[in-house]
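Each chain, written out:
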Amino acid sequence: TIPGFSWQEKREIPEFFSSLSEIVEIHVIPGNHDGELIQEIESIDNVYIDDIRGIMAGPLGIMHGHTHPGRGLEGAEILVMGHQHPSASIVDSSGIKCRMPIFLRLVVNDYSPYPWLRSVKYVYILPAFNDLPPGHLLYPGSTGIGPLFTSGFLSLDNKVNIFLVSKSTQSL
């Protein structure tokens, strides 16, 4: 929703959430670009707007990543977050570069400014799920975005696993 909704989105997004909420309970953790989304969906039954600092789902702590994690994430074994929109530059054998969205799995640093997150061992960072944001290009020596990186809780210098998002389709 940058900078806001189009007339088509104002019609289709509430319809989508209304239809989906008849099947499943929906939890939305607002991000830094979701301001208008909340206004459009907050009155829909079975749709819940959750704390921007994160929520628990079993052993998972789930947060957007643009704020410091909340104490409600205490006991999480794994954190899952967005906000970074990580990407990598891939070069093919012809020398052609392409920026691709990636998933990251990071090992938490020994230093933690968040004592309530002592049980967290890994943080998974999700890529953007559309083609509009180009993604934050990550390379050796680069830094992540947001409080989990600037606080020293996470670092790209620690062990990082990278998983490429496949956009290919297979015929059956």
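Residues numbered from 1 in each chain as written. Predicted model: local features only at pLDDT ≥ 70, side-chain atom pairs only at ≥ 80, totals over all residues. Heavy atoms only, no water.

J.: When you look at the overall build of the protein chain in this model, what are you seeing that I'm missing?
T.: Looking only at helices and strands, the protein chain features three helices and 10 strands. In sequence order, the protein chain lays out its α and β elements as α-β-α-β-β-β-β-β-β-β-β-α-β. Projected onto the principal axes, the alpha-carbon positions of the protein chain cover approximately 45 × 45 × 35 Å. Split into buried and exposed, the 172 residues of the protein chain put 38% on the buried side. Contacts spanning at least 24 positions in sequence make up 57% of the contacts within the protein chain whose residues lie at least 6 apart. For the protein chain, the accessible surface area stands at approximately 10600 Å², while carbon and sulfur atoms represent 56% of it. (Helix = DSSP H or I, 4+ residues; strand = E, 2+ residues; numbered from the N terminus. Buried < 20%, exposed > 50% of the residue type's maximum accessible area, 1.4 Å probe, protein only. Contact = heavy atoms within 4.5 Å. Areas by Shrake-Rupley, 256 points an atom, 1.4 Å probe, with all protein chains shown as cover.)

J.: Help me out: how do you make sense of the pairing of strand 5 (residues 78-81) in this one?
T.: Successive residues of a regular strand alternate their side chains across the two faces of the sheet. Alignment of strand 4 (residues 60-63) against strand 5, held across four bridges, turns out to be parallel. Along strand 5, the bridge assignment pairs Met63 with Met81. Pairing between strand 5 and strand 8 (residues 122-125): four bridges, direction parallel. Among the inter-strand pairings, Met81 is bridged to a residue of strand 8, identified as Ile125. (Pairing = 2+ DSSP bridges.)

J.: Would you mind showing me how to read the nonpolar core here?
T.: When a protein is soluble and globular, its nonpolar side chains tend to lie buried together. Membership of the largest hydrophobic core comes to 22 residues, with the highest contact counts inside it found for Leu79, Leu117, Val120, Val123, Leu148, Phe153 and Leu154. Elements with a contribution of two residues or more to this core: strand 5, strand 7 (97-107), strand 8 and helix 3 (147-150). In terms of residues, this core owes the most to one element, strand 7, which gives three residues. Excluding residues within four positions of it along the chain, Val120 makes contact with Ala76, Glu77, Leu79, Val108 and Phe153. (Core = buried A, V, L, I, M, F, W, Y, C linked by side-chain atoms within 4.5 Å.)

J.: Where do I start with helix 1 (residues 7-21) in this structure?
T.: An α-helical turn contains 3.6 residues, so a residue and the one three or four places further along point in the same direction. Given a rise of 1.5 Å per residue, 15 residues ought to cover 21 Å, and the 22 Å separating the end C-alpha atoms of helix 1 matches this to within 8%. Burial in helix 1 covers these residues: Pro14, Phe17 and Ser21. What you see down the axis of helix 1 is that its buried residues fit within an arc of 65 degrees, all on one side. (Expected span 1.5 Å × (residues − 1). Arc of directions from axis to C-beta.)

J.: Any chance you could explain the environment of Pro147 here in plain terms?
T.: Within the fold, Pro147 resides in helix 3. Once the C-alpha coordinates of Pro147 and Gly61 are considered, the two residues, 86 residues apart in sequence, prove to be 16 Å apart. Aside from chain neighbours lying at most four places away, what touches Pro147 is Gly65, His66, Thr67, His68 and Tyr114.

J.: Quick question: what am I supposed to make of a nonpolar patch on the surface here?
T.: On the surface, Phe16, Leu20, Ile23 and Val24 cluster together to form a nonpolar patch covering roughly 390 Å² of accessible area. Mapped onto the elements of the fold, Ile23 is located in the loop between helix 1 and strand 1 (26-28). (Patch = residues over 30% accessible without salt bridge, like charges linked within 9 Å, V, L, I, M, F, W, Y side chains within 5 Å. Salt bridge = Lys/Arg side-chain N within 4 Å of Asp/Glu carboxyl O.)

J.: Looking at this structure, I do not really get the pattern of salt bridges. What am I missing?
T.: Pairing of side chains with opposite charge becomes possible as their charged atoms draw close. This model, assessed by the stated rule, comprises four salt bridges. A salt bridge links Lys10 to Glu36; the shortest N-O distance between them is 3.0 Å. Here Lys10, found in helix 1, pairs with Glu36, found in helix 2 (residues 35-41); they are 26 residues apart in sequence, far enough to count as distant. When the shortest N-O distance is used, the salt bridge between Lys10 and Glu40 registers 3.2 Å. Taken together, the positions of Lys10 in helix 1 and Glu40 in helix 2 put the pair 30 residues apart, joining distant regions of the chain. Overall, the relative accessible area of 38% leaves Lys10 in the partly exposed class. Connected via shared salt-bridge partners are Lys10, Glu36 and Glu40.

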